[in-house]
2 protein chains.
Amino acid sequence: MADGATATRRKRGGGRAGNAARRGTAVIEQSPWRIPVNIDRPIEPLTPEGVEAIHNAAMEILEEIGIEFLHDDALAILREAGCTIDGQNVRMGRDFVMEMVAKAPAEFTITPRNPDHTITIGGKAILFGNVSSPPNYWDMELGRKLPGTREMCQNLLKLTQYFNCIHFAGGYPVEPVDIHASVRHLDVLYDKLTLTDKAMHAYSLGKERVEDVMEMVRIAGGLSHEEFEATPRMYTNINSTSPLKHDEPMLDGWMRMARRGQGLVVTPFTLAGAMAPVTMAGAVAQSLAEALCAIALAQYIRPGVPCVIGTFTSNVDMKSGAPAFGTPEYMRATQMTGQMARFYGLPLRSSGVCAANVPDGQAMWETSNSLWAAVQSGTNMIYHAAGWLEGGLIASPEKFVMDCEVIQQIQRYMEPEILDTSPEALAVDAIREVGAGGHFFGIQHTQDRYTAAFYQPFLSDWRNFEAWEAAGAVWTPERAHRIYKDIVGAFEPPAMDDGIRDELADFVARRKAEGGAPTDF
Amino acid sequence: MADGATATRRKRGGGRAGNAARRGTAVIEQSPWRIPVNIDRPIEPLTPEGVEAIHNAAMEILEEIGIEFLHDDALAILREAGCTIDGQNVRMGRDFVMEMVAKAPAEFTITPRNPDHTITIGGKAILFGNVSSPPNYWDMELGRKLPGTREMCQNLLKLTQYFNCIHFAGGYPVEPVDIHASVRHLDVLYDKLTLTDKAMHAYSLGKERVEDVMEMVRIAGGLSHEEFEATPRMYTNINSTSPLKHDEPMLDGWMRMARRGQGLVVTPFTLAGAMAPVTMAGAVAQSLAEALCAIALAQYIRPGVPCVIGTFTSNVDMKSGAPAFGTPEYMRATQMTGQMARFYGLPLRSSGVCAANVPDGQAMWETSNSLWAAVQSGTNMIYHAAGWLEGGLIASPEKFVMDCEVIQQIQRYMEPEILDTSPEALAVDAIREVGAGGHFFGIQHTQDRYTAAFYQPFLSDWRNFEAWEAAGAVWTPERAHRIYKDIVGAFEPPAMDDGIRDELADFVARRKAEGGAPTDF
């Protein structure tokens, strides 16, 4: 661990903020922070020939059709690397792609300002992130959809920090459109870095934003520039403009972050039937091609920089053209991409998603489908795992709380002690002791284990109907709303050294005075 | 196929009832009837040593502790078979158990009165059944929980028949307590056999009920006694009284059905921490012991009779003692039991379950967890897959409709065409044709495939928020309620020969005149 991280740790824990964190935790009894290990064998729906066929299709796309790179530096670099450039179209041979992809590590860490919240990406680790980037917000109290504000964004960041089952902070949990776009990144990053201490994301939306965010993350971590670059402290996620195009701002951020050794996630948005073929294998092949060429670029710029392959392959509703999520086709595409990610030796990102507009039954079966697909696919980073509605157009705190209940259960599901087959767990002596017609409530074997034996929910209501009715007959989203209000009401931010907070505030003030970032790209 | 079945088929299809069935189908566009094949490799959480350890624990329970069989004939038969009988306690050696279990077929069929609805149980087939046996009912219109009535039961049977994704009719979908218990089985079976034509269940609740139901199924199928016994036409499910006891009525029905070669499912209800050890491996081992001894009895009575091993292992809420369902522990216990069922070469039954009291988000994440556990465990029969609430104490038509949406998606998920990696599916030519920045909506490759490319929901609302709001902002359970009312309103029963209907009615009248079944056991 770098000196900076140790220094950060030294400043934490005591005084007002320490007590606050403990107070905040008491709102609900939640599972502890941990890096869950996915102990299940992935579902691999492709035959070895199928893997080969999808790989060949992706390579054919890269070799024969090519991808547009709308960035002059990227084109120059790829020309130097031996790719065939025709205008903005770049074709690259499979040998080059595979040579570059092989340089990416199978596993890496991101160390946020609180090193206790360091995350491992790759291998069997499975991490969950909050909802990112909806323009709108909905909650039970409002009862309607409204454009996001800074306060809504802050409240969702508080949930992001509060829940131990959320490992990283994605993009803005809702876009605060009440802040001007030129300075939005400054205010939100100030909020993110003071309200949370988890691994942090920067939008690749132009040079100024990326540089500002990297600088703010460096300041918040109390790091020198060397320390910042020594190991990933943050990450970005870029989306190709499917089909077959990488836009300038995305590429610019991608290359800047690559040069400084930060985490890189590339996630094509290949909706089958719209921006990709109507057939899932075709949509997956196209998605892989779009992702792999960006990874090849990053590896050429800085060999060994950590890269993650993302999938967002789903299908449209062929009646309306609307995107659908958590569908059977979505699940299979995620699993197929997982199988291909292992073929390429790359960590995988997928998502927790739904098309539902409110946090009801549909929202939960669609989200459950997508979360289980993430588990089954061997996904390492699950974006949007808490709080997403309406295909990503709405962020909802109730949905956030509901999703965290599901996520905690998935994390508990991964604990190997459930599967213990030791003589004590087989409990033949306890069965003998109780005998026919007895019960296990009172015996020593139960007494010794019952407090930790089973998952304990914070939101699920397991009482019978009469007890539930007597307590007000409260449906799940209303219960989630109350928990959301309690958490936000009791929230106190994680510890931060006053000097660092001042330095962050000064940076924001200076950059605002300079006009922030251009908004005309 | 037996002559009786052919005769039945001849009577179907034409005239009034045929038109009715077609009209009924038009309420929603649903997936066609099919026997889904589970193409995923099961999740096997146990090591080979773990399998051996659980097997040994189950055998130790059977050899050393023993199970109580509260039935004199069963005791006599098991004594003859060489088991050690001590009062009602039966101990049996592992050689005997394994020899008997090996006689059970790995796969069998049940042929209902409509042979087009024949089901295959075992192998990779995965079948879904309706909710069974709740004493109470809840729907959106009532807004409260009430004891079941015959009308509620009939409406749920109409849903059972209507949905193609439901393959078999379990017990009464709600207990109609407005019919006296002595004749309840006669009225409900008349309703079941006239409102549905799917594979049928008999409660093992005493000699008269079992014999009456077998006779009614025989009459409804237009079968001779020989035809009825030639191949399974129905099935029963018995539950042990955990821990370690089989009650008289259950054993009586079990043995009667065994002698006549019908399907036999045994499902211990081993709630970890209450009727079984607090440790999941112990609860699974106990469940296996309780199930295997009943299967050994059946195989001794009629070698080769089809048997299914059931699991209902879950955990209690250790705060309240209330049963919990769809939990992480439930999922793992189901997977472990699936792994053991394959070890014994037996088909597996599990369930779609939840603890939620209303059809909200909690209901759907708990049910999704249990349904995915069924898929992951290689379950062949999924009981209670549609309509269950409050840990099985409430049947709900809205939940039924919502569950069918999820079940249809699981069945679609199993269709291998999603995974097609042929050159046409890889669609490199289509990707070339569209090029960078184009879209796939209009091209021939899409036009040729779009109507069947993706799962089409009947309940999920994929419209954006504004369109959904303009259409009344209807949440999922309300949408499900409307669909339920429409289906029941348009329902017409499947075709049945008038002579057979009269014969059934006569049988019911005669048995009622005789007093039905005793109610004092």
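The name an unreviewed UniProt entry assigns to chain A is Methyltransferase, from the organism Lutimaribacter saemankumensis. Chain A has a UniProt comment under Sequence similarities (unreviewed entry) that states "Belongs to the trimethylamine methyltransferase family."

## Some thoughts on the interface of chain B and chain A
Contact residues are listed per partner, giving 113 residues for chain B and 113 residues for chain A. Approximately 9,700 Å² of surface area, both sides summed, lies buried where chain B meets chain A, with 67% of it carried by carbon and sulfur atoms. Scanning the region where chain B abuts chain A turns up 8 salt bridges. One salt bridge connects R412 of chain B with E329 of chain A, and the closest N-O pair in it is separated by 2.7 Å. At the surface where chain B touches chain A, the tally comes to 42 residue pairs in polar contact (both at pLDDT 80 or more). No other element matches the 9 residues that helix α13 (residues 361–377) of chain B contributes to the side of chain B that touches chain A. A class-by-class count of the residues in the side of chain B that touches chain A yields 60 nonpolar, 28 polar and 25 charged.

## Re the relation of the copies chain B and chain A
Rotating chain B by 180° about the axis while translating it 0.0 Å along that axis superimposes it on chain A, leaving an RMSD of 0.0 Å. Considering both components of the superposition, the chain copies are consistent with a two-fold axis. In terms of C-alpha distance to the rotation axis, chain B has G361 of chain B as its closest residue, with the C-alpha 2.2 Å off the axis. A high fraction, 100%, of the interface residues of chain B reappear at the interface in chain A, so the copies pair face to face through one surface.

## Focus on the sheet that holds strand β16 (residues 323–324) of chain B
All names here are of chain B. Pairing within the open sheet is mixed, and its 3 strands lie in the order β13-β15-β16. Taken across any chain shown, the strands that pair with only one partner, and hence form the sheet edges, are β13 (271–272) and β16. Examined bridge by bridge, strand β15 (residues 314–316) and β16 share 2 bridges and lie antiparallel to one another. By the bridge assignment, N315 is partnered in β16 with A324.

## A few points about the side chain of K399 of chain B
Residues and elements named next belong to chain B. Mapped onto the elements, K399 comes out in helix α14 (residues 397–413). Residue K399 is classed as buried on the basis of its relative accessible area of 0%. The contact partners of K399, leaving out residues within four places of it in the chain, are C354, P359, A363, M364, T367, G387, W388 and L389.

Definitions and limits used
- Residues numbered from 1 in each chain as written.
- Chains lettered and ligands numbered in written order.
- Predicted model: local features only at pLDDT ≥ 70, side-chain atom pairs only at ≥ 80, totals over all residues.
- Heavy atoms only, no water.
- UniProt positions renumbered as here; feature names shortened; annotations may be inferred.
- Contact = heavy atoms within 4.5 Å.
- Buried area = accessible area lost by both parts, 1.4 Å probe.
- Salt bridge = Lys/Arg side-chain N within 4 Å of Asp/Glu carboxyl O.
- Polar contact = N/O pair within 3.5 Å; in protein donor to acceptor, adjacent residues only side chain to side chain.
- Helix = DSSP H or I, 4+ residues; strand = E, 2+ residues; numbered from the N terminus.
- Nonpolar A, V, L, I, M, F, W, Y, C, P; charged D, E, K, R; others polar.
- Least-squares fit on C-alpha atoms with pLDDT ≥ 70 in both.
- Pairing = 2+ DSSP bridges.
- Buried < 20%, exposed > 50% of the residue type's maximum accessible area, 1.4 Å probe, protein only.

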